[in-house]
Amino acid sequence: MAGRSEMHAKEPVNEQMIANMYTSMRTELNQIYSKITELEMEVSEHSLVINAIQPLDPARRCYRMIGGVLVERNIKEVLPAVQRNKEGIEEVIARLNEALEKKKKEIADFEAKYKIRIRKGDSDMKDEEGSKKEGGSQGVLVGPAGSAE
């Protein structure tokens, strides 16, 4: 938190610093998105395990990976632990979603303060770059072909 207040206390001096700060903020936002996605996949895996072992006999033997070691347990011991882990991951996802909203607001405020406008989306920019490359290479190819005639 102290790093953020120091960052805001020290105003950027030039456009390059503003662009760098904006880029780092966008990178943080993308990292939060990817972490949320990763954790949602883990919740999905936990749900699959819970649904698979819930209808089985609680005394039935099952195996659980703990820190890289496969441990033999029974379902009545493993099921509550897996459910607790799933709930814990869901709580982390909720906190990350809150952090995501804060970061979005911070980026929106930063954009408003420095009048940052994004021209086009990433995919549009890639399409535009691709057409420029194609057009440039076609122009080069057409020139020698025209002079060869």
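Residues numbered from 1 in each chain as written. Predicted model: local features only at pLDDT ≥ 70, side-chain atom pairs only at ≥ 80, totals over all residues. Heavy atoms only, no water.

- In the nomenclature of an unreviewed UniProt entry, the protein chain is known as Prefoldin subunit 2 of Linum tenue.
- Taken from UniProt, the Sequence similarities (unreviewed entry) comment for the protein chain reads in full: "Belongs to the prefoldin subunit beta family." (UniProt positions renumbered as here; feature names shortened; annotations may be inferred.)

### Points about the overall build of the protein chain
Consideration 1: In terms of regular secondary structure, the protein chain is built from four helices and two strands.
Consideration 2: Its helices and strands taken in sequence order, the protein chain reads α-α-β-β-α-α from the N to the C terminus.
Consideration 3: Sorting the 149 residues of the protein chain into buried and exposed places 19% on the buried side.
Consideration 4: A separation of at least 24 residues holds for 65% of the contacts in the protein chain among residues at least 6 apart in sequence.
Consideration 5: Total accessible area on the protein chain stands at roughly 11,400 Å², and carbon and sulfur atoms take up 54% of it. (Helix = DSSP H or I, 4+ residues; strand = E, 2+ residues; numbered from the N terminus. Buried < 20%, exposed > 50% of the residue type's maximum accessible area, 1.4 Å probe, protein only. Contact = heavy atoms within 4.5 Å. Areas by Shrake-Rupley, 256 points an atom, 1.4 Å probe, with all protein chains shown as cover.)

### Focus: the nonpolar core
Consideration 1: Of all hydrophobic cores here, the largest spans 15 residues; its most connected members are Ile36, Ile93 and Phe110.
Consideration 2: Of all the secondary structure elements, the ones that give two or more residues to this core are helix H2 (15–53) and helix H3 (75–114).
Consideration 3: No other element matches H2, which puts nine residues into this core.
Consideration 4: Apart from the residues lying within four places of it in its own chain, the contact partners of Ile93 are Ile36, Leu39, Glu40 and Val43. (Core = buried A, V, L, I, M, F, W, Y, C linked by side-chain atoms within 4.5 Å.)

### A closer look at a nonpolar patch on the surface
Consideration 1: On the surface, Tyr63, Met65 and Leu70 cluster together to form a nonpolar patch covering roughly 360 Å² of accessible area.
Consideration 2: Inspection of the secondary structure puts Tyr63 in strand E1 (residues 61–66). (Patch = residues over 30% accessible without salt bridge, like charges linked within 9 Å, V, L, I, M, F, W, Y side chains within 5 Å. Salt bridge = Lys/Arg side-chain N within 4 Å of Asp/Glu carboxyl O.)

### Digging into the packing of aromatic side chains
Consideration 1: The full count for this structure, using the stated rule, is two aromatic pairs.
Consideration 2: Between the aromatic rings of Tyr22 and Phe110, the centroid separation amounts to 6.3 Å while the plane-to-plane angle is 10°, which identifies the pairing as stacked. Of this pair, Tyr22 sits in helix H2 while Phe110 sits in helix H3, placing them 88 residues apart in sequence. Of the two residues, Tyr22 and Phe110, both sit in the buried class.
Consideration 3: Look at Phe110 and Tyr114: their rings are 4.8 Å apart centre to centre, the planes differ by 55°, and that puts the pair in the tilted class. With a gap of four residues between them, Phe110 and Tyr114 both fall in helix H3, about one helical turn apart.
Consideration 4: Counting every residue linked through ring pairs, the aromatic cluster contains Tyr22, Phe110 and Tyr114. (Phe/Tyr/Trp six-rings, centres within 6.5 Å; stacked < 30°, edge-to-face > 60°.)

### A look at the pairing of E1
Consideration 1: Pairing analysis gives six bridges linking E1 to strand E2 (residues 69–74), with the strands arranged antiparallel. Paired with Arg64 across the bridge in E2 is Val71.
Consideration 2: Connecting the antiparallel pair E1 and E2 is a turn made up of two residues, with Gly67 showing a positive phi of about 60°. (Pairing = 2+ DSSP bridges.)

### Here we look at the pattern of salt bridges
Consideration 1: Inspection of the entire model under this criterion finds six salt bridges.
Consideration 2: Linking Glu106 and Lys103 is a salt bridge whose minimum nitrogen-to-oxygen distance equals 3.5 Å. Taken as a pair, Glu106 and Lys103 lie in helix H3 at a separation of three residues, close to a single helical turn.
Consideration 3: The exposure class assigned to Lys103 is buried, which follows from its relative accessible area of 4%.
Consideration 4: Lys105 serves as the salt-bridge partner of Asp109, at 3.2 Å between the closest nitrogen and oxygen.

### Some remarks on H3
Given 3.6 residues per helical turn, the α-helix brings residues three or four places apart onto the same face.
Consideration 1: A rise of 1.5 Å per residue sets the reference length of H3, with its 40 residues, at 58 Å; its end C-alpha atoms lie 57 Å apart and thus fit the reference within 8%.
Consideration 2: For H3, the full list of buried residues reads Ile75, Val78, Leu79, Ala81, Val82, Ile89, Ile93, Leu96, Leu100, Lys103, Ile107 and Phe110. (Expected span 1.5 Å × (residues − 1).)

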